[in-house]
Amino acid sequence: MAIIHRPTREYVMPVSRKRIVVRFECPAGLGNDWRIVYWNRFNERQRFSASCRFVGGDGFFDCFIGEIETEESVKYIRYYFEANGGSICYGPNGQTAVPPDTHFEYLYTNECDVFDIPEWAKGAIVYQIFPERFQNGDPSNDPAGVEPWGSVPLRTGFMGGDLAGIIAKLDYLAALHVDLIYLTPIFKAPSNHKYDTEDYFLVDPSFGTLEDLRKLTAQCHARGIRVMLDGVFNHCGYTFGPFQDVLMKGEASPYKDWFLVDSFPVQTEPQNYECVGYYKWMPKMRMKNPDVRKFFLEVGQYWIKEADIDGWRLDVADEVDFTFWQEFRKAVKAIKPDALLIAETWKDGGDLLRGDQMDSVMNYLFRDAMVAYFANNEPAEAFDGRIQRLQRLYPMPSQSVLYNLIGSHDTDRFLTLCGGDKRRLMLAAAFQMTYSGMPAIYYGDEIGMTGGNDPDCRKAMDWDGADNALLAYYRRLAELRQAEPALRYGAFETIISDGDIYGFARRFNKETIYVLFNRSDMVVSQKIPAFESGGKLQSLLDGKLYSLNPIDENDRFYRSDRMRYQTSFSAVLPAYCVEIIKIKEETV
């Protein structure tokens, strides 16, 4: 039976010049104790082996990763995989019962090969703000015809939110333990959402000024909060100066090759130029044009230099020429090496996460899983299949910074999908805050806001109607995440998946935290497998102690063929409950 591996970027990822991570998949249940055997081709006699860690499976294939670490930069490495003490081996020509004659090969780790992720972003808590609807801090810059705060949201209306309003609420965000705020577009544009950019070098006057943005980033940084802006470079707005020039001058315009125009003169009915989503008010940019590239590279650097922002969320990134993103990464990282780059994509974003473009993607596939399980009652077994796929989908460096959302300005609010049942929202929030990657809060979810899809999900922040008990719950979860390195950085391992019950472990250094969910309306008593050989476990929520017991020969635990369980403990889980348990430090 075939093992899936190639010595290419999808399976071999340099995480430093002296360490590479190697991934492979094998049929479920094939082999035990998988190892990677490797050596330098200039020293055939000195061979090494490293154990491979099981990172999950979907019932068809199991995924493993192994690490090769050397004293010098990793170079001229030959390797193969083995299991069952060497009775199963696998090289480029397939499976053998003895060490293969041919081997996989990795030649050299160049400095620019390393997939370098900003350290500060790993496991960070993100808060997304739709600036027009968060807080009106300066009524003097309100656009004409502004509607009362809290009016029914329309695609065309304004309510006066601005940068001054965000600044006024920074203590609120700090109390929520936010590490990064993500602002949807703030540059000059005629709409309330600003995805139809008119001027990429000007803060929209209804939001404030460059000085206001500088004040925002400075005050955020003083609180340990970073700021990420939204870059809409795939397309522009209809009122963007170069496009207006093409409309007026046609083929005589110096900007005629900035856009994908089928014929001249340019016309909207019938439309004869390419747009995003066939939307005629948002013309698509021609990234093949060197002048267009130069323009947007300057935009990317300008706001870092002028306002000290900390990264970019890049709109419709999977529709942009990938070679532009390679240039963009170099340009941005040249002036701020720890800037964070996140791509918007609603699908598998693997093409963007090869170490030469983005650091992360908006993980809408994660949101799909959360909606399916916590809102729509998908069985835990099917939910785990989704989670296992996500754990294997992207390179290891990016796993710690995946933008894990349950809602955004483009989706129904999660509480609405749950039929208003806050218990389900609380379970989903707990999953976000204890899972790997970056949990992303969409403004207002933490106070119980509801809403259907756009524009209903873009209501004004309901400061007066906040559910303070729900807010306190979010703060408690965020506080736990910040206090426990295992929740922020730890490896993820499913330990139970059974109907309405789901649980996983996060392991970092010598610490383990167990997270258990009961999605049902009944109290459930459950035996849970554990990795420790002894000691006491304690709830991080209420201090309750749990005792570890020997595993009974009749116990059947999740993937016990792959997982190295040593003991178990019993937990009584109330209806719609999450329990977060850590082994007491003195017993590790």
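Quick caveat, the model's predicted, so the values are computed rather than measured.

On to the overall build of the protein, then. Helix and strand counts for the protein stand at 13 helices and 29 strands. Over its C-alpha trace the protein gives a radius of gyration of 26 Å, about what one expects of a compact globule, namely 25 Å for 588 residues. Across its three principal axes, the protein shows a C-alpha extent of roughly 75 × 60 × 45 Å. Per-residue burial for the protein yields a buried fraction of 58% across its 588 residues.

This paragraph deals with the environment of T416. Its location among the elements puts T416 in helix 10 (residues 414-417). Taking C-alpha positions, T416 is 24 Å from L402, a pair spaced 14 residues apart along the chain. Non-local contacts of T416, meaning those with residues more than four positions away in its chain, are made with T450, G451 and G452.

Formed by 140 residues in total, the largest nonpolar core has its most connected members in Y127, I181, W312 and F431. Excluding anything up to four places from it in sequence, I181 contacts Y127, I166, L173, L216, C220, I225, R226, V227 and M228.

Attention shifts here to the pattern of salt bridges. The full count for this structure, using the stated rule, is 50 salt bridges. A salt bridge links R133 to E132, with the shortest nitrogen-to-oxygen separation between them at 2.7 Å. Residues E344 and R313 are paired through a salt bridge, measuring 3.4 Å at the closest nitrogen-oxygen approach. Of this pair, E344 sits in the loop between strand 17 (340-343) and strand 18 (360-361) while R313 is found in strand 16 (residues 311-314), placing the two residues 31 residues apart along the sequence. Judged on exposure class, the residue E344 and its partner R313 are both buried. Because the salt bridges share partners, they merge into one network encompassing R41, E44, R47, R78 and E105.

The rules behind the values
- Residues numbered from 1 in each chain as written.
- Predicted model: local features only at pLDDT ≥ 70, side-chain atom pairs only at ≥ 80, totals over all residues.
- Heavy atoms only, no water.
- Helix = DSSP H or I, 4+ residues; strand = E, 2+ residues; numbered from the N terminus.
- Rg over C-alpha atoms; globule rule 2.2 N^0.38 Å.
- Buried < 20%, exposed > 50% of the residue type's maximum accessible area, 1.4 Å probe, protein only.
- Contact = heavy atoms within 4.5 Å.
- Core = buried A, V, L, I, M, F, W, Y, C linked by side-chain atoms within 4.5 Å.
- Salt bridge = Lys/Arg side-chain N within 4 Å of Asp/Glu carboxyl O.

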